[in-house]
Amino acid sequence: MWGRKAFDILSSYRNPYNIVAFGDNDSDKIGKVFCGKPIWDIDTLERDKQIDLIIVAASGVKIMEIKKQLEKLVSIPIFVYQDIRNQLFWPRISIDISGFCNAKCKWCVTGRKNLMQVLQDRSYMSFAEFCEIYSHLYKNGIIGKSTEIMLYSWGEPLLNKDYVQIVEFLAEQEQKFSVSTNASTLQLVQRKDAYKNCCSFVFSMPGFSEESYARIHGFQFNKIRENIVKINDNLKEHGFVGNGSISFHVYQFNHAEIADARNFSEDLGLSFDPYYPYFNGNSMMEDFLEGRMDDIALNEAKKELHLAHVDDLLKKRPKEYKCFLENIISIDCKGDLVLCCAADSELIDYSWGSVFQISSFEDMKAKREEMLQCHSCQKCRKLGMDYWLGNNPSYLRN
Ligand code: SF4
Ligand code: SF4
């Protein structure tokens, strides 16, 4: 029972914990399979040099006895599950501090609404609201200082008027965080170490010319270029040591701009990350895969996006594929839990109630399990959209 409990909790932390086996000294169990993992005896445990820690998962009275027994037999570090458990937090959490974006990307559900001039709620999360959510998550053990708080999802974070206050607050809290922006708005921090815990800062670009910007984001290219330079300087002058990058969206019409974008990126000391954009928003992806997209949009998509590989890619999805967004909690600008960063508000199972209803790590885990069983998530897996999101090929640099 304890082994299963530890397995369930630790296996949701794919990055730090890769569980390879269970250990036991009961000869009836050795060699069998439990939770999809083999059960080893002590000799196998010791022989396998890939094991970098053993976790003892047992009831209180037995723990020390087992630990002592193991310490005599193996030289692998041994931890007690209850101790590890107390230091566990959600690894990444997205808090969408702006509920809106100003770009007009036609292959994104948010951008498309801007393009069609659909009236949108332009509310954002105030500094006070952010602090309240942060403190709730932290005090209840749902996040720790090493949890990466992604300050974005469907909204453009720099449109939040309290952006600087939020970033400076996170520096004061020694909290890890990350930002992704379209660089349409300038927001510069003052506090010397404001970006010291920012692990990643991404500038997303839909091309490297006035034409490409007019076609996708709808911004003035020269202005964006200037903003990127200024924000990048501001990052460097305020403690940033994380990964700064340009995420260049490779459309069929902007291949000739890639070299210039790369030079620009290298001049600024940013990593260059060209990738093929897809439909941003699961409702649009569903429409495409289920043949509901209207002919005009479909023909345009085929001319702009790289889609020829998609059918073959979807066929390769392994049955047991685990979506990388399963372990990322998403909170919208109103403080509500939402299905994931890829799910948009057009989906029936988008919203999951206030984050303030969740008062422990276990609560969050249970809620996440429930969310992952919903109709929209199951459909996403069935159509292979989760696999597309996580395995779209990288742009071939050569
Ligand atoms: S893709 Fe990003 S920048 Fe473009 S409209 Fe959507 S959220 Fe905004
Ligand atoms: S399977 Fe789809 S809906 Fe579910 S978490 Fe992953 S991307 Fe989101």
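Note that the structure is a prediction, hence the values are computed from the model and not measured. (Residues numbered from 1 in each chain as written. Chains lettered and ligands numbered in written order. Predicted model: local features only at pLDDT ≥ 70, side-chain atom pairs only at ≥ 80, totals over all residues. Heavy atoms only, no water.)

**Q** An account of the overall build of the protein chain is needed here, citing residue identities and associated values.
**A** If you tally the helices and strands in the protein chain, you get 16 helices and 14 strands. The globule rule puts the C-alpha radius of gyration for 398 residues at 21 Å, and the 23 Å found for the protein chain is close to it. C-alpha atoms of the protein chain, sized along the principal axes, occupy 70 × 50 × 45 Å. Here the protein chain, with 398 residues, has 52% of them falling under the buried criterion. Considering only contacts within the protein chain whose residues lie at least 6 apart along the sequence, 70% involve residues at least 24 apart. When the accessible area of the protein chain is evaluated, it comes to approximately 19,600 Å², of which 50% is carbon and sulfur surface. In the protein chain, the 48 positive side-chain charges and the 54 negative ones have mean positions that sit 2 Å from each other. (Helix = DSSP H or I, 4+ residues; strand = E, 2+ residues; numbered from the N terminus. Rg over C-alpha atoms; globule rule 2.2 N^0.38 Å. Buried < 20%, exposed > 50% of the residue type's maximum accessible area, 1.4 Å probe, protein only. Contact = heavy atoms within 4.5 Å. Areas by Shrake-Rupley, 256 points an atom, 1.4 Å probe, with all protein chains shown as cover. Lys, Arg positive; Asp, Glu negative; His and termini not counted. Charge placed at Lys NZ, Arg CZ, Asp CG, Glu CD.)

**Q** Could you give an account of the site of ligand 2, naming the residues involved and the relevant values?
**A** Taken together, Asn282, Cys323, Leu325, Leu339, Cys340, Arg368, Cys377, Cys380, Arg381, Asp386 and Leu389 make up the full set of residues near ligand 2. Elements that contribute at least two residues to the shell around ligand 2 include exactly helix H15 (375-383) and helix H16 (385-391). At three residues, H15 tops the list of elements feeding residues into the shell around ligand 2. Of the residues assigned to the shell around ligand 2, the class counts are seven nonpolar, one polar and three charged. (Near = heavy atom within 4 Å. Nonpolar A, V, L, I, M, F, W, Y, C, P; charged D, E, K, R; others polar.)

**Q** Tell me about the site of ligand 1, and name the residues and values.
**A** What surrounds ligand 1 is the set Cys101, Ala103, Cys105, Cys108, Gly111, Trp154, Asn182, His217 and Asn280. In terms of residue class, the shell around ligand 1 is built from five nonpolar, four polar and no charged.

**Q** For the packing of aromatic side chains, give the residues involved together with the corresponding values.
**A** For the structure on display, the rule yields 24 aromatic pairs. Relative to phenylalanine 22, the ring of phenylalanine 7 has its centre 5.8 Å away and its plane inclined at 40°; by these criteria the two rings are tilted. Separated by 15 residues along the polypeptide, phenylalanine 7 in helix H1 (residues 2-10) and phenylalanine 22 in strand S1 (residues 22-23) bring together distant segments of the chain. Ring-pair connections join several aromatic residues into one group, and the members of that group are Trp107, Tyr275, Tyr278, Phe279, Phe288 and Trp388. In this structure, lysine 5 packs its charged tip against the face of tryptophan 2, placed 4.6 Å from the ring centre. For lysine 145, the ring lying beneath its charged end belongs to tyrosine 138, and the centroid distance is 4.3 Å. (Phe/Tyr/Trp six-rings, centres within 6.5 Å; stacked < 30°, edge-to-face > 60°. Lys NZ or Arg CZ within 6 Å of the ring centre and 35° of its normal.)

**Q** Just give me the short version of the pairing of strand S9 (residues 198-205), but keep the residues and values in it.
**A** Within S9, seven of the eight residues are buried, which leaves it mostly tucked inside the rest of the structure. The sheet contact formed by strand S8 (residues 177-181) and S9 spans five bridges and is parallel. By the bridge assignment for S9, serine 178 is matched with serine 200. The sheet contact formed by S9 and strand S10 (residues 243-249) spans six bridges and is parallel. Looking at the pairing, phenylalanine 201 lines up with glycine 244 of S10. (Pairing = 2+ DSSP bridges.)

**Q** Describe the environment of lysine 367, naming the residues involved and giving the relevant values.
**A** Tracing the chain through its elements places lysine 367 in helix H14 (residues 361-372). With relative accessibility at 19%, the residue lysine 367 sits in the buried group. Between the C-alpha atoms of lysine 367 and tryptophan 352, which are 15 residues apart in sequence, the distance is 8.6 Å. If near-sequence neighbours (up to four positions away) are discounted, lysine 367 is found in contact with Leu337, Trp352 and Ile358.

**Q** Can you lay out the nonpolar core for me, pointing to particular residues and giving the numbers?
**A** In summary, soluble globular proteins display a tendency toward joint burial of nonpolar side chains. Ranked by internal contacts, the top residues of the largest apolar core, which has 115 residues, are Phe130, Leu137, Leu151, Tyr195, Phe201, Phe279 and Trp388. If you tally residues by element for this core, the top one is helix H7 (residues 163-172), at six residues. Beyond its immediate stretch of four places on either side in the chain, leucine 151 contacts Ile95, Ile97, Phe130, Pro157, Ile166, Val167, Leu170, Phe177, Ser178 and Val179. Core analysis: the next-biggest nonpolar cluster, separate from the first, contains twelve residues, Ile51, Ile63, Val74 and Ile78 among them. (Core = buried A, V, L, I, M, F, W, Y, C linked by side-chain atoms within 4.5 Å.)

**Q** Before we move on, could you go through helix H3 (residues 60-73) and cite the residues and values that matter?
**A** Among the residues of H3, those classed as buried are Ile63, Lys67 and Leu70. End-on, the buried residues of H3 take up no more than an arc of 70°, which puts them together on one face. Among the exposed residues of H3, those pointing more than 90 degrees away from its buried face are Val61, Glu65, Lys68 and Lys72. (Arc of directions from axis to C-beta.)

**Q** With reference to specific residues and values, describe the sheet that holds S10.
**A** Here nine strands make up an open sheet; going across it, the order is S11-S10-S9-S8-S7-S6-S12-S13-S14 and the pairing mixed. Edge positions in the sheet fall to strand S11 (271-275) and strand S14 (351-354), since each of these pairs with one other strand and no more. Taken over all neighbouring pairs, the strand axes of this sheet differ in orientation by 25° on average, direction set aside. Strand contacts of helix H6 (residues 127-139): strand S6 (92-95), strand S7 (148-150) and strand S12 (328-331), with the helix running at about 160° to S6, the strand carrying the most contacts. Packing against the sheet, H14 makes contact with S12, strand S13 (336-338) and S14, and its axis sits at approximately 45° to S13. (Axes fitted to C-alpha atoms, helices over the stretch in contact; angles between N-to-C directions.)

**Q** How would you summarise the domain arrangement of the protein chain if you had to cite specific residues and measurements?
**A** On domain assignment, one finds that the protein chain holds domain 1 (2-86) and domain 2 (92-391). The gap between the C-alpha centroids of domain 1 and domain 2 is 37 Å. (Domains from an automatic or database assignment.)

**Q** So what's going on with the pairing of strand S3 (residues 37-40)? Which residues, and what values?
**A** The pairing of S1 with S3 spans two bridges and is classified as parallel. Opposite phenylalanine 22, over in S3, you have isoleucine 39 as the bridge partner. Summarising the sheet, strand S2 (residues 33-34) and S3 pair through two bridges and their orientation is antiparallel. From the neighbouring strand, valine 33 faces S3, where its bridge partner is proline 38. Hairpin remark: S2 followed by S3, antiparallel, with two residues in the connecting loop; positive phi at cysteine 35, about 50°.

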